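Structural overview for review
Below are the chains, spelled out letter by letter.
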Amino acid sequence: MYDVIGDVHSCYIEFKTLLEKLGYVYTYNSYQHPEGRKVVLVGDIMDRGNYPVATFCLVKDMFEAGNLLSVIGNHDDKILRWAKGNGVKLNNGADKTVNDFESISFSKEEIIKFFEGLPYYLLLDNNKLAIVHAAWQERNIYTDPFDNKKLRSDCLFGPVTGERDHYNLPVRINWAGKRILKEDSPIVVYGHQVHEEPYIINKTYCIDTGCIFGGYLTALRYPEMELVQTKALMEYYEWIGKGERR
Ligand code: MN
């Protein structure tokens, strides 16, 4: 009933290709599935890729048509803050997104309205499936999915040690590997951390397989738990630390 898709990062063509591979059909400005399946995005819809506006519009149209759900990712959150007029550093591909929106004087109100409507997490199928961008904590179940104060750091960025690695990137804590399962713990599907293959451990599925870095855009079909992938057309960004388990 759901097709959960990893970090799209404005990879419009790969996104459309994957939707078609999953059986979605383009009708009335939106993709819909003949069996009523819904797309669920793990966030990081924006930044780095070549088609920010096209991606935003397709995602928004599918959302409004009731064919797509999404959580917010750290990149989307940055674009939201930019649209609101907050001072943000336009690095890591946000410059491409902002240039594309500005080149056609795209409505900032529309950007704000859409991203403010996305929660930090989604619980689906009677709490059996949790969707989050970066990291899941079981206590989230008791927290309002829009509670910025409580959820922002874990859901958008995930836990870090506070140190930097040899690429000067923050060292992340492998929360999924340390997860302690209870009988009713949900399956967690997330993105944010790039892996060459989906990283599956303790009922968690990281499906960011680095489409933007020339890898794959990955979908996890639920409840079938079947993986469907589309190869990136090109390497849009250099994949720092590829091949290392970080
Ligand atoms: Mn990402």
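What you see is a predicted model; the values in this text were computed from it and never measured.

**Digging into helix α2 (residues 52-64)**
The end-to-end C-alpha distance of α2, which contains 13 residues, comes to 18 Å, matching closely the 18 Å that a straight helix rising 1.5 Å per residue would cover. Every buried residue of α2 is accounted for by Pro52, Val53, Thr55, Phe56, Leu58, Val59, Lys60 and Met62. Gly66 occupies a position one or two residues after α2 and carries a positive phi of about 80°.

**Examining the packing of helix α3 (residues 74-83) against helix α5 (residues 108-116)**
Across the interface, α3 lies against α5 with an axial gap of 9 Å and an inter-helix angle of 140°. Viewed along their axes, α3 and α5 adopt a mutual orientation that is oblique. Note on packing geometry: the crossing formed by α3 with α5 is left-handed. Along the contact surface, α3 presents Asp76, Ile79, Leu80, Trp82 and Ala83, while α5 presents Lys108, Ile111, Ile112, Phe115 and Glu116.

**Focus on the packing of aromatic side chains**
In the structure shown here, the tally under the stated rule is 14 aromatic pairs. Aromatic pair Phe63 and Phe114: ring centres 5.3 Å apart, planes at 90°, arrangement edge-to-face. On the criterion of sequence distance, the pair formed by Phe63 in helix α2 and Phe114 in helix α5 is long-range, its members being 51 residues apart. Judged by relative accessible area, which is 30%, Phe63 ranks as partly exposed. Between the aromatic rings of Trp82 and Phe101, the centroid separation amounts to 6.4 Å while the plane-to-plane angle is 15°, which identifies the pairing as stacked. With Trp82 in helix α3 and Phe101 in helix α4 (residues 94-103), this pair connects stretches of sequence that are 19 residues apart.

**A word on the coordination of the manganese ion**
In this structure, Asp7 (OD), His9 (NE2) and Asp44 (OD) serve as the protein donors to the manganese ion, at separations of 2.1 to 2.4 Å. For the manganese ion, the single-chain donor residues occur in sequence as D-x1-H-x34-D. Linking His9 in the loop between β1 (2-5) and α1 (12-21) with Asp44 in the loop between β4 (38-41) and α2, this pair joins segments that are 35 residues apart in sequence. Of the two residues, His9 and Asp44, both sit in the buried class.

**Observations regarding the state of the cysteines**
For the structure shown, the criterion picks out 0 disulfides. With no disulfide of its own, Cys206 lies 14 Å from the sulfur of Cys211, the closest cysteine sulfur. Here Cys206 falls in the buried class, since its relative accessible area comes to 0%. Considering cysteine sulfurs only, Cys11 is the nearest to Cys211, which forms no disulfide, with 3.9 Å between them. What makes Cys211 buried here is its relative accessible area of 1%.

**Quick look at the sheet that holds strand β12 (residues 204-206)**
The 5 strands lie next to each other as β6-β7-β10-β12-β11, forming an open sheet whose pairing is mixed. Single-partner strands in this sheet number two, and they are β6 (121-124) and β11 (199-201). Each neighbouring strand pair of the sheet contributes to a mean axis angle of 15°, computed without reference to strand direction.

Each value, and the rule that gives it
Residues numbered from 1 in each chain as written. Predicted model: local features only at pLDDT ≥ 70, side-chain atom pairs only at ≥ 80, totals over all residues. Heavy atoms only, no water. Helix = DSSP H or I, 4+ residues; strand = E, 2+ residues; numbered from the N terminus. Expected span 1.5 Å × (residues − 1). Buried < 20%, exposed > 50% of the residue type's maximum accessible area, 1.4 Å probe, protein only. Axes fitted to C-alpha atoms, helices over the stretch in contact; angles between N-to-C directions. Parallel < 35°, antiparallel > 145°, perpendicular 65-115°, else oblique. Left-handed = near helix turned anticlockwise from the far one by under 90°. Contact = heavy atoms within 4.5 Å. Phe/Tyr/Trp six-rings, centres within 6.5 Å; stacked < 30°, edge-to-face > 60°. Donors = N, O, S within 2.8 Å, 3.2 Å for Na, K, Ca; no water. Disulfide = S-S within 2.5 Å. Pairing = 2+ DSSP bridges.

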